[in-house]
Amino acid sequence: MKILNLGSMNVDNVYQVDEFLLPGETKLSQGLSLFCGGKGLNQSIAAVRAGNEVWHAGLIGEDGGMLLDKLKENGVNTSLIRQVPGKGGHTVIQVNRQGQNCILLYGGTNRMLTHEIIDGIFDAFGSEGAVLLQNEINLLPYVIETAHRRGLPVFFNAAPMDAQVSECDLSLVDWLIVNEVEGRQLAGDCPEEEILSVLSRQYPSMSILLTLGSRGAVCLHQGERHTIGVCSVQAVDTTAAGDTFSGYFMYGVLHGLPIPDCLRLATAASALCVGRAGAADSVPLKSEVDQALAQGSLEVPLARREG
Ligand code: RIB
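A. Highlighting the packing of helix α8 (residues 241-254) against helix α9 (residues 259-274). Axis separation between α8 and α9 bottoms out at 8 Å; the angle between their running directions is 150°. When the axis of α8 is compared with that of α9, the two are roughly antiparallel. Crossing of α8 over α9 shows right-handed handedness. For the pair formed by α8 and α9, the contact residues are Ala-241, Thr-244, Phe-245, Tyr-248, Phe-249, Tyr-251, Gly-252 and Val-253 on the first element and Ile-259, Cys-262, Leu-263, Leu-265, Ala-266, Thr-267, Ala-269, Ser-270, Cys-273 and Val-274 on the second. Residue classes in the contact of α8 with α9 are distributed as 14 nonpolar, 4 polar and no charged.

B. Region of interest: the environment of Asp-261. Residue placement: Asp-261 occurs in helix α9. Since its relative accessible area comes to 38%, Asp-261 is described here as partly exposed. Taking C-alpha positions, Asp-261 is 8.9 Å from Phe-249, a pair spaced 12 residues apart along the chain.

C. Region of interest: helix α1 (residues 39-50). Compared with the 16 Å implied by 1.5 Å per residue over 12 residues, the 16 Å span of α1 between its first and last C-alpha is a close match. In terms of residue burial, α1 counts as a mostly covered element, since 11 of its 12 residues are buried. Looking only at α1, the buried set comprises Gly-40, Leu-41, Asn-42, Gln-43, Ser-44, Ile-45, Ala-46, Ala-47, Val-48, Arg-49 and Ala-50.

D. Main features of the site of the ligand. Near the ligand lie 13 residues; those nearest to it are Asp-12, Gly-38, Lys-39, Glu-136 and Asp-243. Within the side chain of Asp-12, an N or O atom sits 2.6 Å from an oxygen atom of the ligand. Within the side chain of Asp-243, a nitrogen or oxygen atom sits 2.7 Å from an oxygen atom of the ligand. Across the complex, the protein chains shield 95% of the 280 Å² of accessible surface that the ligand would expose by itself. Contributing elements (two or more residues each) for the shell around the ligand: β2 (10-16) and α1. Looking at the shell around the ligand residue by residue, the classes come out as 3 nonpolar, 6 polar and 4 charged.

E. Highlighting the packing of α9 against helix α10 (residues 286-295). Orientation of α9 relative to α10, taken along the N-to-C sense of each, is 105°, at an axis distance of 9 Å. Considering the angle they form, α9 stands roughly perpendicular to α10. On α10, the residues that touch Arg-264, Leu-265, Ala-268, Ala-269 and Leu-272 of α9 are Lys-286, Glu-288, Val-289, Asp-290, Ala-292 and Leu-293. Residues belonging to the contact of α9 with α10 are distributed by class as follows: 7 nonpolar, no polar and 4 charged.

F. Region of the structure containing the sheet that holds strand β1 (residues 2-6). Pairing is mixed across the open sheet formed by 10 strands, whose spatial order is β5-β4-β1-β8-β9-β10-β11-β12-β13-β14. One side of each edge strand has no neighbouring strand; the edge strands of this open sheet are β5 (77-83) and β14 (304-306). Neighbour-to-neighbour, the strand axes of this sheet turn through a mean angle of 15°, independent of strand direction. Where β1 and strand β8 (residues 130-134) come together, 3 bridges link them in parallel fashion.

G. Main features of the sheet that holds β2. Overall, mixed pairing links the 4 strands, which are arranged β3-β2-β6-β7 in an open sheet. Each edge of the open sheet is held by one strand with a lone partner, namely β3 (31-37) and β7 (101-106). Neighbouring strand axes in the sheet, compared pairwise and without regard to direction, differ in orientation by 20° on average. The sheet strands contacting helix α2 (residues 65-73) are β2 and β3, and the helix crosses β3 at an angle near 60°.

Scoring rules and cut-offs
- Residues numbered from 1 in each chain as written.
- Predicted model: local features only at pLDDT ≥ 70, side-chain atom pairs only at ≥ 80, totals over all residues.
- Heavy atoms only, no water.
- Axes fitted to C-alpha atoms, helices over the stretch in contact; angles between N-to-C directions.
- Helix = DSSP H or I, 4+ residues; strand = E, 2+ residues; numbered from the N terminus.
- Parallel < 35°, antiparallel > 145°, perpendicular 65-115°, else oblique.
- Left-handed = near helix turned anticlockwise from the far one by under 90°.
- Contact = heavy atoms within 4.5 Å.
- Nonpolar A, V, L, I, M, F, W, Y, C, P; charged D, E, K, R; others polar.
- Buried < 20%, exposed > 50% of the residue type's maximum accessible area, 1.4 Å probe, protein only.
- Expected span 1.5 Å × (residues − 1).
- Near = heavy atom within 4 Å.
- Polar contact = N/O pair within 3.5 Å; in protein donor to acceptor, adjacent residues only side chain to side chain.
- Areas by Shrake-Rupley, 256 points an atom, 1.4 Å probe, with all protein chains shown as cover.
- Pairing = 2+ DSSP bridges.

Written out as structure tokens, the structure reads:
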């Protein structure tokens, strides 16, 4: 099944630091690297490296040539990407000694979508396939409604969380992908262990993937709950680990794998991702993930069914 990802594309300016900057502080970084990123682009690369057919759509700016090249060289269909005047999406990312990051995002052309452009994208994509979305583009509520109206299942990663997510009709979403912070905000600040039950009471037909960072992930699908832990790996850079998880998990779901297998695949892929620097470039190939699973080199935990 082909995937339409109408999502952000960012140039990531990644600075190596000992510790994150504090308010009012100025300090020298230990290095600067430029990477292709954006939750949209990263998830397209993860989905295509996992083995899906992916069409990426969206707007790049005058500085977006490297983003287009990166998607093309990975085999993503880029016919629905337009280059428009203006500065494209970009970030300033600090990566500390522990491999953690903090990200300052500039939306740029990612946020210049119009209703006409969105309609044109859906017309060109057609009515077969699934839609993958994140919250780094504008007009997201309209995109979700359009996908649903056209009969396309919607996988929505509600990240980064902001006011636009509360304008979206989540009853039109088939799969919601959130981390614990996003999940709690959507579920009205309940305790973490109640996120899934609160959201599933509100949206009974929605499946939910809740990622918990270094504690693994929980999934609620068709009334069943599955949990998985993490592999222990030395983190180099956690950027795009969540995006890798989403892209690989979606591959599993679209290929009809049982949920525990989807979770193991996504867990192994994101473990390989955190061992490498960068965003899109750190997403592993499916052959690398399969090898790690077959050889047991990552010690990927088994997913457990709860309840
Ligand atoms: O999820 C990681 C991504 O978030 C980075 O590549 C950055 O561009 C931001 O969008």
